[in-house]
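Now for the letters of each chain:
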Amino acid sequence: MKLGSVKYLVGEGVKNTWVNRLMSLASVGVLVACMVVIGLALLISENVAKAIGALEQQNVVMVYMEDYNWALYSDKTDTSSDAAVSENGEEADANGIKSSDYTIHNDEEAKALCDKIAKLDNVASVTYVSSDEGLASVKESMLEGQEEYFDFLDEEYGNPMSCAAKVTMKDMSLFSETIDKIEQMEGVDVIQSQDDLAEKITAVKNGIYVAGIWIIAILMIIALVIVSNTIRVTMYNRKLEISIMKAVGATDSFIRIPFIVEGMLIGVISALIAEGLLYFCYRVATETIISTLGTTDIVKYGDMAWILLLVFLAIGIFAGIIGSVIIISKYLRKEGSEFAAI
Amino acid sequence: MEQLLNSSEQFFQVEKPIIEFRGVSKTYPSGTHALEDVNIKINNGEFVFVVGSSGAGKSTFMKLIMREEKANTGKIIVNGFELTSMKRRDVPMLRRTMGIVFQDFRLIPTMNVFDNVAFAMHVVGASGRNVRREVSRALSKVGLGNKARSMPAQLSGGEQQRVGLARALVNSPDLIIADEPTGNVDPNMSYEIVSMLTEINKLGTTVLMVTHDHNLVRDFQHRVIMLDGGKIVADNAGGDIG
C-alpha cells in the first residue's frame, strides 16, 4: 500500500472517530472504567506483594549449630567421669566434654557453615549470631525478672545458647525444600522456623496472583466486546460508504484500516484518561491511608506509572485492533454487498 | 504466417468481447432460477441496453458481471478476468476496470461533490495531485465543475446522478455499468444522462445500462438485450425491442 493511501486512511480513521463522537465517547467511558479497575487490581496486588515481601523478610529461620555450648546441654554427650578419656586418648575438659563431642569448634567453622547455607539458591541472607549475642538477644526478649534464669544457667553450667545462623529466604513456596537442605548439613543441630506462616504467605500470594489474572482476563473480554460494538455500530452507519468502496474496487484491507485506526484511537484516548484518573484516585486514597493509619509503606504511583500506562495502552490498542478486525471481517464476508446492501 | 494473421486482425479490426457469458446459469440457495443457460458476447466499445420486467434476471446478470454473485454453471469472462474461477481477493482488481452508476446515486451525504468523486480515486491509491486533476476533469465532463464544494443535499436528482457518473468515470474504466441510472430523475435529465453516456461511449468506453424506459431505448438506437424468466429472449441492434 502506498504512503499516500496510508495517510489518507489514517486521516479517515481519525475523522470517523470525531464524526461518531457519541459512540466513541461511550466506548471511551466504559474502556476507562475497565482500565481503572485493572489498574487498581495491579496497584492492590503490588501493595500486597510489598507487604508480603516485608513479612517474608521477618520470617527469619534460626539455624542452631552443634558447638561447645550445644554439647554442654546435649543428652548425646557423655559427661561422666568414666568417659573422661576417650579411646584415642583424647582428654575431656572440666565439663567432661571432648573435642569430638561437637562439630563446630570455633567462630571460623561457624562462619564457614553460614557461608555454606548462604550458597543455597533460595537463601536471601545469612547472619552469624554468636552464642553470646544469642544469649543477650534471648534475655532481651524475656519479661522482667525472667532473664535471671538464663543468668543462673550461664553462671552455673555455661551459656545455654549455641551459635546460630539467622537465615531469610527468597521464595517462601520453596521453604520446606530449603529447610531440608540445611538440616542435612554437618554441624546443624536444630532449625527454628514458622512453617505455617510460610504456607500462609505462599497461599495468599498465589490467591492474589490467580485473582489478578481472572480480573484482568474478564475486563479484557469486556473491553474487547465494547470496542467491537462501537465498530459494529459505526460499520452499519457507514454501510453506504463501504458498499461504494467495494464497488469501486477497494480491497478488504483498505476498508479495514480506518476502522482499525478508529479502534486504536479510542484505546489510546481511554488509556491516557485512565492513567490520569487512576493517578488522582490513588493519590487521594494513599493520602487518606497515610493520614489515618500512619503507614508510609505504600507503593508510590510514580514507581508504577509507566507500567500502568503501558498496560493500558496495550489493552486499548489490543482491544481496538482485535475488536475491529473481528467485526469487519465478519461484515465483509457476510453482509458487505455492493448492489443490494442499501 | 503468425505476423500475417496479427496484421490482418489489426487491419480488419476484429471485435473482441469485453463481456462473454458461455452457458451461464444461476440458481439461488432459495431455489430461484435467476438465469438459465445464458450465452452472450458484448464487444469492446459497444453501448448495450439491458431491458426486462422485474424478476427477469437483470440484477443477477449485473451482479454476475461485477462478481458479486458466482454462476453455478458456465463461464463468464469480463475484461479478461475469468470470473467463475476467480479468487475473492482478486475481485477488487476486476472492479477497478469498471465504473458503476447506481439508480439511487449512492453519494456520501457527509462529503462534498469533490470528495465523493475523489473517494473512488483514493481507493485505487492515486496521488493527491492526480486526484485533484482527474476529479476536476471528471466534474467538468459532466458539467458540474462549479459545484465541487456543494453537498449532495444541495443538488437536484439529475445533478446527483451526474456526480455518480463523474465518480464512475474518474478512474477511466474500460466498462461502465449503469443500473437504471435514470430511474430517479425527470425525463429531460434522463435524456441528458444517456446523452452523456453515449458521448463517453464514443470515446471508446463500453457502456452497459439497465433500464425500464422504452422511450430512451427507442430514441438512442443502441443494442438491446431483453431478459425474461432468466433467459435472453431478444438481442437486437438499433433500439429494436420487439
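Further up the page is the structure itself.
Residues numbered from 1 in each chain as written. Chains lettered and ligands numbered in written order. Predicted model: local features only at pLDDT ≥ 70, side-chain atom pairs only at ≥ 80, totals over all residues.

Peer 1: Account for the overall build of chain A, naming residues and giving values.
Peer 2: Counting secondary structure elements, chain A contains 11 helices and four strands. Classification of the 342 residues of chain A by burial places 31% in the buried group. Nonlocal contacts in chain A, meaning residues at least 24 apart in sequence, comprise 83% of its contacts between residues at least 6 apart. (Helix = DSSP H or I, 4+ residues; strand = E, 2+ residues; numbered from the N terminus. Buried ≥ 20, exposed ≤ 12 C-beta atoms within 10 Å, placed from the backbone. Contact = placed C-beta atoms within 7 Å.)

Peer 1: Now, about the environment of Val233 of chain B: what can you tell me, with residues and values included?
Peer 2: Mapped onto the elements of the fold, Val233 of chain B is located in strand E10 (residues 231-236). Overall, Val233 of chain B belongs to the exposed group, with 12 C-beta atoms counted inside 10 Å.

Peer 1: Describe the pairing of strand E1 (residues 61-65) of chain A, and please don't skip the residues or the numbers.
Peer 2: All names here are of chain A. Burial of E1 is extensive: four of the five residues sit out of reach of the surface. One ladder, built from four bridges, connects E1 with strand E3 (residues 164-169); its direction is antiparallel. Pairing of Val63 across the sheet is with Ala165, part of E3. In this sheet, strand E4 (residues 188-192) lies alongside E1 in antiparallel orientation, the contact comprising four bridges. Residue pairing in the sheet places Val63 in a bridge with Ile191 of E4. (Pairing = 2+ DSSP bridges.)

Peer 1: Could you give an account of the nonpolar core, with specific residues and numbers?
Peer 2: In this structure, Met35 of chain A together with Val50, Val117, Val135, Ala166, Ile176 and Ile177 of chain B are the most contacted members of the largest nonpolar core, which totals 111 residues. For this core, the element with the most residues is helix H10 (residues 252-293) of chain A, which contributes 13 residues. Among residues more than four places away in sequence, those in contact with Ala166 of chain B are Val117, Ala138, Leu139, Lys141, Val142 and Leu144 of chain B. If you look at the next biggest cluster of nonpolar residues, it comprises 24 residues, including Val61, Ala71, Leu72 and Ile104 of chain A. (Core = buried A, V, L, I, M, F, W, Y, C linked by C-beta atoms within 7 Å.)

Peer 1: Describe in detail unusual backbone geometry, supporting the description with residues and values.
Peer 2: All names here are of chain B. Of note, Arg106 is a non-glycine position whose phi angle comes to about 50°, a positive value. Positionally, Arg106 belongs in the loop between strand E6 (98-101) and helix H4 (113-123). Overall, Arg106 belongs to the buried group, with 22 C-beta atoms counted inside 10 Å.

Peer 1: A description of the interface of chain B and chain A should follow, citing residues and the corresponding values.
Peer 2: Every contact between the two is made by 21 residues of chain B and, on the other side, 20 residues of chain A. Breaking the side of chain B that touches chain A down by element, the ones donating at least two residues are helix H2 (58-66), helix H3 (91-95) and H4 of chain B. Among the elements that take part in the side of chain B that touches chain A, H2 of chain B stands out by supplying four residues, more than any other. Taken together, the residues that form the side of chain B that touches chain A break down as eight nonpolar, six polar and seven charged. (Nonpolar A, V, L, I, M, F, W, Y, C, P; charged D, E, K, R; others polar.)

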